[in-house]
Structure formats: structure tokens, C-alpha cells
Amino acid sequence: NAGVTQTPKFRILKIGQSMTLQCTQDMNHNYMYWYRQDPGMGLKLIYYSVGAGITDKGEVPNGYNVSRSTTEDFPLRLELAAPSQTSVYFCASRQQGAGPRRPQHFGDGTRLSIL
Amino acid sequence: AQKITQTQPGMFVQEKEAVTLDCTYDTSDQSYGLFWYKQPSSGEMIFLIYQGSYDEQNATEGRYSLNFQKARKSANLVISASQLGDSAMYFCAMRESAGNQFYFGTGTSLTVIP
């Protein structure tokens, strides 16, 4: 019963490097989200997707890119890592339908440090 | 304007006592959902409880209940009979039916004292 799986769990990057944070879910959820959580703060939405081939910006999209080629996978790409992107990244998914009552299911997070 | 406001950065409660964590929200939509999540020190986000704007009863899930006051736009989480394992960050979130985004508050850190 995997749910939402994020890899890697931890990563240290140098300034200017690029990397992809992986997220996959096995619940056949249409909706997927990427958040960042800075120390002592709540979650801020980076990007989200309502289905394969459809993505949209959230509150803090600058410096990130996403793609959604399949229902299961929603990778987040950092092209030129900057210290301000040091954060914990959460991927989440939810089922479509039934009004607003469907909660999000979260992965365990990726802790990313950029030095 | 903030969609979700949690005004208590930190709370302490004695073991076995009840505690209320505050959450107020801002929306002009009639249909919306309110969620509470728990984040223990291990970091994962755990869904606790849901309240719909049209639900007539306050939501309950075991020791968790929601004190939903629609006119005041508040959805406070009540944890009864606190346990040491309840020590964690608690986040309130909202999704409007017309939208796809969830809005999160800044969280409340709860510490249960033995």
C-alpha cells in the first residue's frame, strides 16, 4: 500500500546544479501537487496538475518546472539551484470528485539543501 | 488576505487534558472544505479530519473533533484526552469547491506535557 512515493529523501546540491525530485502515486488520483515547506512555516504551492498533460502554477513557481506525462508520475525539476530553494518538498495527490471533501495524501517529503 | 489563519504558534497541554487549536478562514465561496493535518517531528503529513461547509454536524474522528462556526468562519480542532504522541505541528487547510488549490495555515506546534 505505497500511496505517494517521493525520491530522494535527502539531497545536497551545489548552487547552479540541477536535479529532479520524483513523485509517483499508485492510487490513480488525477490531482497532484508540489509544495515547499520552509522552516517553521506552512506549505506553499509550487505547481499542481489536474491530469496527465495538464499543469498549472501555484503560489511560488519561479525556479521550478513540472511535467505530467502519466497519471502516476509528477516530477519537479530545479534547473539552476539557488540557496533560497533550500526547503522540504512535499508531493501530494487527491482523488477527483465529490466536491471539496477529498483530502490530499502526502508523500514523506524530500529534504533539499543547496550550498 | 490570508485564506487560513492560525494565530497560535505554540501550545502546551497536560497529558489527558483537552486542547483547542484555532483556525479561521477567509472565503466568499459557499461550498468549501476544511482539513486538519498533523505533522510529527518525523516530517510526514497525516490527514486528521474534514469539515464541509454544508455539513450540519461538527466532524468527529476518534479523539479529534471540529468546532465549526460558519458565521465566524472558524474551524477549531479539539483534541480530547491528549497523549504524548499528539505532540506535533498541526495545520489547518481549506479548498474551495470552485478551485483546485489547497490553502494552508502556518501551523500550531502542540507539546503534550506528561
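Thresholds, definitions, all that
- Residues numbered from 1 in each chain as written.
- Chains lettered and ligands numbered in written order.
- Predicted model: local features only at pLDDT ≥ 70, side-chain atom pairs only at ≥ 80, totals over all residues.
- Heavy atoms only, no water.
- Buried < 20%, exposed > 50% of the residue type's maximum accessible area, 1.4 Å probe, protein only.
- Helix = DSSP H or I, 4+ residues; strand = E, 2+ residues; numbered from the N terminus.
- Pairing = 2+ DSSP bridges.
- Axes fitted to C-alpha atoms, helices over the stretch in contact; angles between N-to-C directions.
- Contact = heavy atoms within 4.5 Å.
- Buried area = accessible area lost by both parts, 1.4 Å probe.
- Polar contact = N/O pair within 3.5 Å; in protein donor to acceptor, adjacent residues only side chain to side chain.
- Nonpolar A, V, L, I, M, F, W, Y, C, P; charged D, E, K, R; others polar.

**Q** Could you give me a rundown of the pairing of strand β5 (residues 43-51) of chain A, with the residues and numbers involved?
**A** All names here are of chain A. Burial of β5 is extensive: seven of the nine residues sit out of reach of the surface. Inspection of the sheet shows strand β4 (residues 31-37) paired to β5 by six bridges, in the antiparallel sense. From the neighbouring strand, Q37 faces β5, where its bridge partner is L43. Here β4 hands over to β5 after five residues, with G40 in that stretch at a positive phi of 70 degrees. In terms of strand pairing, β5 meets strand β6 (residues 54-57) through four bridges, oriented antiparallel. Bridge pairing links S49 to T55 in β6. Counted along the chain from β5 to the antiparallel partner β6, the turn is two residues long, and its residue G53 has a positive phi close to 85 degrees.

**Q** Any chance you could break down the sheet that holds strand β7 (residues 64-66) of chain A for me, citing the residues and the numbers?
**A** Residues and elements named next belong to chain A. Taken together, the four strands give an open sheet; going across it, the order is β1-β3-β8-β7, and neighbouring strands pair in antiparallel fashion. The strands lining the two open edges of the sheet, one partner per strand, are β1 (4-7) and β7. Taken pair by pair, the neighbouring strands of this sheet meet at an average axis angle of 20 degrees, ignoring direction. Across three bridges, the pairing between strand β3 (residues 19-25) and strand β8 (residues 76-78) is antiparallel. Following the sheet pairing, M19 is matched in β8 by L78.

**Q** Please give an account of the interface of chain B and chain A that cites residues and values.
**A** Across the contact, 21 residues belong to chain B and 22 residues belong to chain A. Note on chain B versus chain A: buried area summed over both sides is about 1,800 Å², and carbon and sulfur give 56% of it. For the pair chain B and chain A, the interface holds three residue pairs in polar contact (both at pLDDT 80 or more). Listing elements by their share of the side of chain B that touches chain A, those giving two or more residues are β5 (32-39), β6 (46-52) and β10 (88-96) of chain B. A per-element tally of the side of chain B that touches chain A places β5 of chain B first, with five residues. Counted by class, the side of chain B that touches chain A contains nine nonpolar, nine polar and three charged residues.

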